[in-house]
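Chain and residue survey
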Amino acid sequence: MLDAQQILTFPDLSQPSGWLPLAFALVMALAMLLYVILDGYDLGVGVLLRRADDEAQKDTMIASIGPFWDANETWLVLGVGVLLVAFPLAHGVILGALYLPVALMLFGLTLRGVAFDFRVKAHAEHKPLWDRAFYAGSLLAGWSQGFMLGGLVTGFTQDWRAQLFSALIGLCLVAAYCLLGAGWLIMKTEGALQLKAVRWAQTSLWLTAAGVAAISVATPWVSPRIFDKWFSFPNVMLLLPIPAMTVALFVVMARSLKRLPTRLAQHNQYGVAVPFASTVGVFLLAFYGLAYSLFPWLVVDKLTVWNAASAPEALEVIFYGTVIVLPVILAYTVFAYRVFWGKSTALKY
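Residues numbered from 1 in each chain as written. Predicted model: local features only at pLDDT ≥ 70, side-chain atom pairs only at ≥ 80, totals over all residues. Heavy atoms only, no water.

Our next topic: the overall build of the protein. A tally of helices and strands in the protein yields 15 helices and two strands. Over its C-alpha atoms the protein spans a radius of gyration of 21 Å, differing by no more than 12% from the 20 Å that the globule rule assigns to 349 residues. Taking the principal axes of its C-alpha atoms as reference, the protein extends roughly 60 × 45 × 40 Å. Of all 349 residues assigned to the protein, the portion counted as buried reaches 48%. Accessible surface for the protein amounts to roughly 16900 Å². Of this, 71% is attributable to carbon and sulfur atoms. With 22 positive and 19 negative side-chain charges, the protein shows a separation of 12 Å between the mean positions of the two kinds. (Helix = DSSP H or I, 4+ residues; strand = E, 2+ residues; numbered from the N terminus. Rg over C-alpha atoms; globule rule 2.2 N^0.38 Å. Buried < 20%, exposed > 50% of the residue type's maximum accessible area, 1.4 Å probe, protein only. Areas by Shrake-Rupley, 256 points an atom, 1.4 Å probe, with all protein chains shown as cover. Lys, Arg positive; Asp, Glu negative; His and termini not counted. Charge placed at Lys NZ, Arg CZ, Asp CG, Glu CD.)

This structure, assessed with the given rule, holds eight salt bridges. Between R119 and E55 there is a salt bridge, with the nearest N and O atoms lying 3.8 Å from each other. Here the residue R119 occupies a position in helix α7 (residues 99-121), and E55 occupies one in helix α3 (residues 55-65), the gap between them amounting to 64 residues. Taking the relative accessible area as the measure of exposure, R119 reaches 2% and is therefore buried. Judged by its relative accessible area of 28%, E55 is partly exposed. Among the ionic pairs, R119 bridges to D59, the shortest N-O distance being 3.1 Å. A residue pair is termed long-range when its members are at least 10 positions apart, and R119 in helix α7 and D59 in helix α3 qualify at 60 residues. Of the two residues, R119 and D59, neither departs from the other in class, the shared state being buried. (Salt bridge = Lys/Arg side-chain N within 4 Å of Asp/Glu carboxyl O.)

What follows deals with the nonpolar core. Counting residues in hydrophobic clusters, the biggest one holds 84 residues, and the most contacted among them are Y41, M61, F87 and W184. Looking at this core, the element that brings in the most residues is helix α2 (residues 16-48), giving 15 residues. Apart from residues lying up to four places away in sequence, M61 is in contact with V45, L48, L49, A52, L185, L193 and W200. Of all hydrophobic cores here, the second largest spans twelve residues; its members include V153, I169, A218 and L290. (Core = buried A, V, L, I, M, F, W, Y, C linked by side-chain atoms within 4.5 Å. Contact = heavy atoms within 4.5 Å.)

Turning our eyes to something else, we now look at helix α15 (residues 312-339). Compared with an ideal rise of 1.5 Å per residue, which puts 28 residues at 40 Å, α15 spans 40 Å between its outermost C-alpha atoms and is within 8% of the ideal. Regarding α15, the residues found buried are L315, T322, L326, I329, T333, A336 and Y337. Looking at the buried positions of α15, the neighbouring elements they touch are α2, α4 (69-72), α5 (74-86) and α9 (160-188). (Expected span 1.5 Å × (residues − 1).)

Here we take up empty space enclosed by the protein. Under the criterion given, the structure shown has one cavity of 30 Å³ or more. A volume near 40 Å³ is recorded for the largest cavity. Taken together, P67, F68, A71, N72, W75, Y332, T333, A336 and Y337 form the lining of the largest cavity. Secondary-structure elements contributing two or more residues to the lining of the largest cavity are α4 and α15. No other element matches α15, which puts four residues into the lining of the largest cavity. (1 Å grid on protein atoms, 1.4 Å probe; cavity = no way out; pocket = protein on both sides within 12 Å on 5 of 7 lines; lining within 4 Å. Points joined across faces, edges and corners; volume = space filled by probe spheres on them.)

Written as structure tokens, this is what we have:
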């Protein structure tokens, strides 16, 4: 395999061989970002399900994600599909290195989907079993995705330190999903469950912050080139707003979560969207920082978006389909959230 210096070349972006791989990289990045945010909150709700007091609260939690959770996974399918058809070489390297966590994630998502549908028809004595299955599937899927993120950051290194780092990032991502899920429940529910969601968000906040900090510290040390992108002058000054804004959002969340119980006790819903919106902001900043660190690499110091891309002729055909499919997915996602926005109502089948 060529070394990093030999393969880090930027082709003419006016040619299809130059701009098409870049366009598909952007589509893949958008799909994965939207998946992490949209499916992240409903995975978080699934992990939080076991903390609810009774079946009525669990039903409300399920009702809050019922219209959305299945469609949210469309973005995962799109992102992995683009990786497969547009970057087959990178697909082979990445999925080969992450075979086990990918298998665990798919098992978790399958278990989650089965549990969601079976709890509808289950007798009262069997319903707790499917609730536990939904929780287990959500936890396994979230942790597996965090493990894969850790592997991506470390360049798929297989030594025990990299594996331990990936496992810890898995736990931190689960906490981040719980923070998203709790923020979602704060917006979508009322009463005792809403107050519980505030406490759940408080317990998830600092582990999420630890995960963001760990990724931020580890990423520049993976490659000298990534280190130089962040810490060479004047880059370090220009990029300083990213960590500063991230810290500010965590402070805003902490203050909001501290004040919300008093407001909610007075039936005041002012500020209920702040924790969720702030968490989304943290995800956006973290994703931007990671993308800046890794670009143009799909596999750090091994494969760029251009080295891993399919032939330009094949990409042109796929591009036409993407131009049609992507707006459709965006449109029905926006439509679904617009129709089912507002507080969750009692769960009915």
